[in-house]
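The chain contents come next:
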Amino acid sequence: AKVGTDGILEPVSDSKPKVTLAVQGFVMPQYVLKWALQSDGGARAVDAVVVMNTPVAPGHKLPFVLQQYKLPLVNSFVAQDAMRSERFLEGGGPYVMTLSDAERFREPFLESMMPGLAVTDTLVKCKFDQLIADVDRLLESRSPADAPAVRVLWGVSDKYLPAAAAREWCEKRSVPYTAIEGAGFVVQSDWPEKVVDAMRSILL
């Protein structure tokens, strides 16, 4: 049996429904986006990819709070900090996180060290600059008519990934760009109604 993303999409590819992937954030979304754009990967089964506040252009860097997970000695301490996830998410946008939301993000890290160690292992192994370059190369080599269709929704108040750079990259790669005013890095949580409206216009 297949494992990984190919295995997940194998049942739906057989029944031929419309498949749209939505990605947001650092590291894992870049792996998914790279897979979706490859002719021997997701391009066979995925109709569209919606990119939301995800680093895609060469020059996009990991925020320092994530770079620390790649530093020897330092990463063993940050992996134990149960409040880092909420600080990271809150730091990327214009809003203060509610206490109840913060507690939900904190809970897994309080119960076990495994989530922090998993983040450390993922970031240590990730060749971030190469990953971004691979995604950009794949987009550069395709035409707008190629599958899957790529669309960008961007929370313009993102403090990690400036909207101007994202818009410029979209123009360069002929990728449609939709600005989500009043939202930051976690655009789907900051203003879900606007994201839903934009997604409807893409999917319908």
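Here the structure is a predicted model, which means the values were calculated and not measured. (Residues numbered from 1 in each chain as written. Predicted model: local features only at pLDDT ≥ 70, side-chain atom pairs only at ≥ 80, totals over all residues. Heavy atoms only, no water.)

Compared with an ideal rise of 1.5 Å per residue, which puts 13 residues at 18 Å, helix 8 (residues 128-140) spans 18 Å between its outermost C-alpha atoms and is within 8% of the ideal. Taken together, the buried positions of helix 8 are occupied by F128, L131, I132, D134, V135, D136, L138 and L139. Looking at the buried side of helix 8, the elements it contacts are helix 2 (28-37), strand 3 (149-155) and helix 9 (163-172). (Helix = DSSP H or I, 4+ residues; strand = E, 2+ residues; numbered from the N terminus. Expected span 1.5 Å × (residues − 1). Buried < 20%, exposed > 50% of the residue type's maximum accessible area, 1.4 Å probe, protein only. Contact = heavy atoms within 4.5 Å.)

What follows concerns the layout of surface pockets. Put simply, the largest pocket is a space of about 530 Å³. In terms of lining, the largest pocket is formed by 22 residues, of which the most central are L66, S85, F88, L89 and V119. Space inside the second largest pocket adds up to approximately 260 Å³. Together, 13 residues line the second largest pocket, and M97, D101, V186, S189 and D190 are the ones closest to its centre. Among the elements of the structure, helix 5 (84-91), helix 6 (99-111) and helix 10 (187-190) are those that each provide at least two residues to the lining of the second largest pocket. Here the residues of the lining of the second largest pocket are counted per class, giving seven nonpolar, three polar and three charged. (1 Å grid on protein atoms, 1.4 Å probe; cavity = no way out; pocket = protein on both sides within 12 Å on 5 of 7 lines; lining within 4 Å. Points joined across faces, edges and corners; volume = space filled by probe spheres on them. Nonpolar A, V, L, I, M, F, W, Y, C, P; charged D, E, K, R; others polar.)

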